[in-house]
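Examination of the molecular architecture
Here are the chains, one letter per residue:
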Amino acid sequence: MNKPLNDIVRAASRREVLAVGATLAGSSLLVGCSLPTILSAGSPVKPGAFGAFLKFDPDGSVTVLSKHIEFGQGNHAGLAAIAAEELDADWDKVKVEQAPANAKLYGNYLMGGLQGTGGSSAIANSWKQLRTAGAAARAMFVQAAATKWGVAAGEVTVANGVVAHKSGKQAGFGELLADAAKVKPPQAPTLKDPNSFTLIGTPRVKRKDSGLKATGKARYTQDVHLPDMLTAMVAHSPRFGGKVKSFDDSAARKVPGYVATYQIPTGVAVVATSTYAARQARDALKVDWDDSKAEKRGSAEILQVFKDYASGKTVAPSGKDGWQPFSSHGDAAKAAGGTAAVEVAYDFPYLAHASMEPMNCVAMVGKGPARLMYGAQVPTLDQVNCAGVVGALPGSVEIETLATGGSFGRRANFQSDYVVECVHIAKKVGGGRPVKLVWTREDDMRGGHYRPMVHHTVRVTVDKDGYPATWRHRIVTQSIMKGAPPGSPGGKGLDTTAVEGAMGSPYLKATPVVDAQALTPDVGVTVLWWRSVGATHTAYVMEHTIEQLARKAGKDSVEYRRALYTKAGANRHLAALNLAADKAGWTTPAPTGWTRGVAVHESFGSVVAQVAEVKLENGQPKVGRVVTAIDCGTAVAPDQVAAQMEGGTCYGLSAALFGAITLTKGVVDQANFDAYRVLRNSEAPTVETYIVPSTNKPSGVGEPGTPVIGPAVANALLAITGQPTLSQPFVKT
Amino acid sequence: MATTVDVNGRSYNVSSPPDTPLLWVLRDELGLTGTKYGCGIAQCGACTVLADGNPIRSCQMPVSALGAAKITTIEGLGGATPLQQAWVKLDVPQCGYCQSGQIMSATALLAQNAKPDDAAITEAMDGNICRCGAYQRIRAAIKEAAGMPSVAVPSPALAAPAPKA
Ligand code: FES
Ligand code: FES
């Protein structure tokens, strides 16, 4: 690699990191448009005759290339439907294929042009792109047919994959393929009037991968077996920031199937001929760790540090490392005075993503270009990070994205941690020999990159009608953006991922005086976005605080919110709340034994309102029916929107009821599902989903269903017990 | 030290050490990768297979301890059982990683109880974690496969007002 390009790429990778972080967090940051071009340098990937997103087979089938990973969120169905709609394809003949890594062709404009999936942006950023791709290809087939049949293009129609003329002539895409491929694609094809959509927004938009996944045939990273492949496992430092001092692998070497030991930056790796051998050999390693730079505090001590900052007992530094205001207006001094109607503090623990498939990756290094196979959430970032290890252009790093057993944010991180780890090992092995790095559940759960621990304090005074007059809010948490590499300005000043959801809240808009500030002290535990990011805690704090205020004011929970939304001009909140309240029968009594709780929150461009029916069973909250209303703009795949509301609700409820990662003297206490309790079938509610009719372009659905159930349940518990729930998880073990 | 195992009606001589969990024999040696690793400690159910029709966690079953048990994995179901069809019809899978285990547990349930009620379903399925939270569709698909009326949840797609853009 020549020197100047190396520098450009390094500079680019820093800007990219910013872009990824900022956009995953739901804000926008524009990055120079040349970036994807730079980052794709050396890529062998080229678009076909119908562009980068569509391929046609002579048998008439259509393949839509997805630039986004499918790790459960159902985006492949929606993405295919967008292209198929404009193409007027036969939906049964539409297939989805994962696009390779190439930022120039497959960048996400909501992620600064990087190829990546996050911030619930897959459908939103592909909406115009795939409609245009579909419409352009349609026009090419129409032109090919018109020329062949000697008729005017305007007289040629397409429906359900059949190109036809009123004279009775007709042909499938397959028959016209060779001719259509030669037609010059129109630059600005005419898009359909949304009122004439026949596929988008209908229950026909089903997943294309259910059959593979119901038969065990879907191929995940864990399932990759290649000739001569080695399996790797790594002994990691038990403390964040620990380094290898020395190791003894004499016992590991005796394990049948053991092949080699390597020291790598993240620990000590063994490679073996099978997963079981790798596990036994890794577990037999004796490693002495240098903890001099490691985080040695426990989570209780870290939380106390947060509390002392929030209470003012510890004075924070000034400037960029100090308190950062957000959403503040009016005379701050007033927010400290008067008589508080509600004055509370909330605590949230670290959370592991615990996707069902633990982190893993396959890499081949040392013969031709580096080649990776795994679930790549932000391929461009991984390319940049891996290129640094193997010394190549980022675009030359080939990535094949496989079916992926969940992520919830974990697979998108600044360091590409487990991917880079695998590349280090594959480089040591060399010769292009395939290496599959397998993290055990324990490695995954203790591997950090958690939802940060968070402490909020809120003090609200009210006007004569019981509505907020002043609102003082302090948030202390760890910055996710500080995980960006050194030299990046991303970690300085206000980290919006820490405050989004409180920042911009209609409740703060409706309050005359707001003094809201956030502080993000350094902690050595690695943290990351976790499905719905800041909303995981801000939705809870805002909604549970509002509920306490409504109760104090003696007003109905729904009426109280309506008044504030009206005052703030939050019409979409109002519509979602009204739909949920209506479908839940809010004004009628709840079924005997059940108590309703309501909550509303906007994230990733979508507003979700939920009414949950809750009761206490053996002292533990039990959630039954959950009525959900969502405004996600145009719902491309309504059944997948519902699936995301169901799954997101379970994910959020799991955290609210049971989720907690704790540390003792810097060591994570939980290693597996026995200690990190997650929601099970008997605890899972039945979610009904209703979609607010909308003419807007699509907004997110993967994350917005997660943060609302926690406060909805807490609000029902408040009605049952009269007590607020001020820390998560609700069920203490 | 060859061990013989009967998987999906076929007998295999396996060369993995006898203490190797059945899970890794299936996946690494026999190439039957439909059975998944999720926790390794019998907590998640991703590795569920049937031994003489009973659901077992293959991650905790040394291959030498199987004796003459006949093992059935997701590959052995054939692909079109009523449960598998219901799984596709209702689009149960999200990431899909847990679903082989879910279907094996459900298969054992329906073999023993053709018309399970809600309590029987959640009891039989509680050992199978789904981090994607496809639980209600799993319940509905079991009822669908058993030919029972499903829980009274309106199909979300149909209940949704038609989009206007
Ligand atoms: S892998 Fe066997 S129960 Fe989880
Ligand atoms: S579908 Fe992803 S864990 Fe169940």
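For the rest of this paragraph, the subject is the domain arrangement of chain B. All names here are of chain B. Per the domain assignment, the segments making up chain B are domain 1 (3-76) and domain 2 (82-153). Centre-to-centre separation of domain 1 and domain 2, based on C-alpha positions: 22 Å. The contact between domain 1 and domain 2 buries some 1,200 Å² in all, and 57% of this surface belongs to carbon and sulfur atoms. Where domain 1 touches domain 2, the interface holds zero salt bridges. Inspection of the domain 1/domain 2 interface yields six residue pairs in polar contact (both at pLDDT 80 or more). Every element with two or more residues in the side of domain 1 that touches domain 2 is listed here: β3 (48-51) and β4 (54-57). Classifying every residue of the side of domain 1 that touches domain 2 gives seven nonpolar, eight polar and two charged.

With that settled, consider the nonpolar core. Proteins that are soluble and globular tend to have nonpolar side chains buried together. Core analysis: the largest hydrophobic core is formed by 165 residues, its most contacted members being Tyr350(A), Trp471(A), Phe673(A), Trp87(B) and Ile142(B). The element that contributes the greatest number of residues to this core is helix α19 (residues 638-658) of chain A, accounting for nine residues. Ignoring anything within four residues of it in the chain, the contact list for Phe673(A) reads Ala354(A), Met356(A), Arg441(A), Met445(A), Val678(A), Gly38(B), Cys39(B), Gln43(B), Cys44(B), Ile129(B) and Arg131(B). Listed in part, the 49 residues of the second largest apolar core include Ala52(A), Leu54(A), Ala89(A) and Trp127(A).

On to the sheet that holds strand β5 (residues 162-165) of chain A, then. Residue and element names in this part refer to chain A. Strand order in the open sheet formed by three strands is β4-β5-β6, with antiparallel pairing between adjacent strands. In the strand order of this sheet, the two ends are held by β4 (156-159) and β6 (170-172), each with one partner. Each strand of the sheet is rotated relative to its neighbour by a mean of 20°, with strand direction disregarded. Pairing of β4 with β5 involves four bridges; the strand directions are antiparallel.

Here we take up helix α5 (residues 122-149) of chain A. Residue and element names in this part refer to chain A. A rise of 1.5 Å per residue sets the reference length of α5, with its 28 residues, at 40 Å; its end C-alpha atoms lie 39 Å apart and thus fit the reference within 8%. Along α5, the sharpest kink reaches roughly 40°, centred on lysine 128. In terms of residue burial, α5 counts as a mostly covered element, since 20 of its 28 residues are buried. Among the residues trailing α5, glycine 150 stands out with phi positive, at a value near 65°.

A separate point is the interface of chain B and chain A. Contacts between the two partners involve 58 residues from chain B, matched on the other side by 73 residues from chain A. Of the roughly 5,600 Å² buried between chain B and chain A, counting both surfaces, carbon and sulfur atoms make up 55%. Between chain B and chain A we count five salt bridges in total. Here Asp223(A) and Arg27(B) are joined by a salt bridge, their closest N and O atoms 3.0 Å apart. Counting the contacts that link chain B with chain A gives 38 residue pairs in polar contact (both at pLDDT 80 or more). Looking at the side of chain B that touches chain A, the elements with two or more residues in it are α1 (22-29), α2 (82-89), α3 (99-112), α4 (118-125), α5 (135-145) and α6 (156-159) of chain B. For the side of chain B that touches chain A, the element with the highest residue contribution is α5(B), accounting for five residues.

A separate point is unusual backbone geometry. All names here are of chain A. Cis geometry marks the peptide bond from glutamine 728 to proline 729; its omega dihedral reads 0°. Here proline 729 lies in the segment after α20 (709-721). Phi angles above zero are rare outside glycine, and asparagine 160 is one such case at about 50°. Here asparagine 160 lies in the loop between β4 and β5. Positioned with a positive phi, phenylalanine 408 is a non-glycine residue whose angle comes to about 60°. Examined against the element boundaries, phenylalanine 408 turns out to sit in the loop between β16 (398-401) and α12 (417-429). Note on phenylalanine 408: relative accessible area 11%, which makes it buried.

Turning our attention to the domain arrangement of chain A. Residue and element names in this part refer to chain A. Segmenting chain A into domains produces domain 1 (49-211), domain 2 (221-292 + 359-438) and domain 3 (301-350 + 449-721). For domain 1 versus domain 3, the separation of C-alpha centres amounts to 38 Å. The interface is formed by 19 residues belonging to domain 1 together with 15 residues belonging to domain 3. Looking only at domain 1, the three residues that lose the most surface to domain 3 are Gln73, Ser120 and Trp127, adding up to 37% of its buried area. Taken together, the connections running from domain 1 to domain 3 amount to zero salt bridges. Counting the contacts that link domain 1 with domain 3 gives five residue pairs in polar contact (both at pLDDT 80 or more). If you list the elements that add at least two residues to the side of domain 1 that touches domain 3, you get α3 (75-87) and α5. It is α3 that provides the largest number of residues to the side of domain 1 that touches domain 3, a total of four residues. Looking at the side of domain 1 that touches domain 3, its residues break down into nine nonpolar, nine polar and one charged.

This paragraph deals with the sheet that holds strand β21 (residues 595-603) of chain A. Residues and elements named next belong to chain A. Spatial strand order, β21-β22-β23-β26: four strands in an open sheet with mixed pairing. Each end of this open sheet is capped by a strand with a single partner; those strands are β21 and β26 (686-691). Each adjacent strand pair in this sheet contributes to an overall mean axis angle of 20°, direction not counted. Two elements, β21 and strand β22 (residues 606-617), share nine bridges in a ladder whose sense is antiparallel. Across the sheet, residue histidine 601 finds its bridge partner in β22, namely valine 608.

Cut-offs and rules
Residues numbered from 1 in each chain as written. Chains lettered and ligands numbered in written order. Predicted model: local features only at pLDDT ≥ 70, side-chain atom pairs only at ≥ 80, totals over all residues. Heavy atoms only, no water. Domains from an automatic or database assignment. Buried area = accessible area lost by both parts, 1.4 Å probe. Salt bridge = Lys/Arg side-chain N within 4 Å of Asp/Glu carboxyl O. Polar contact = N/O pair within 3.5 Å; in protein donor to acceptor, adjacent residues only side chain to side chain. Helix = DSSP H or I, 4+ residues; strand = E, 2+ residues; numbered from the N terminus. Nonpolar A, V, L, I, M, F, W, Y, C, P; charged D, E, K, R; others polar. Core = buried A, V, L, I, M, F, W, Y, C linked by side-chain atoms within 4.5 Å. Buried < 20%, exposed > 50% of the residue type's maximum accessible area, 1.4 Å probe, protein only. Contact = heavy atoms within 4.5 Å. Pairing = 2+ DSSP bridges. Axes fitted to C-alpha atoms, helices over the stretch in contact; angles between N-to-C directions. Expected span 1.5 Å × (residues − 1). Bend = angle between axes of the 7 residues up to and from the residue.

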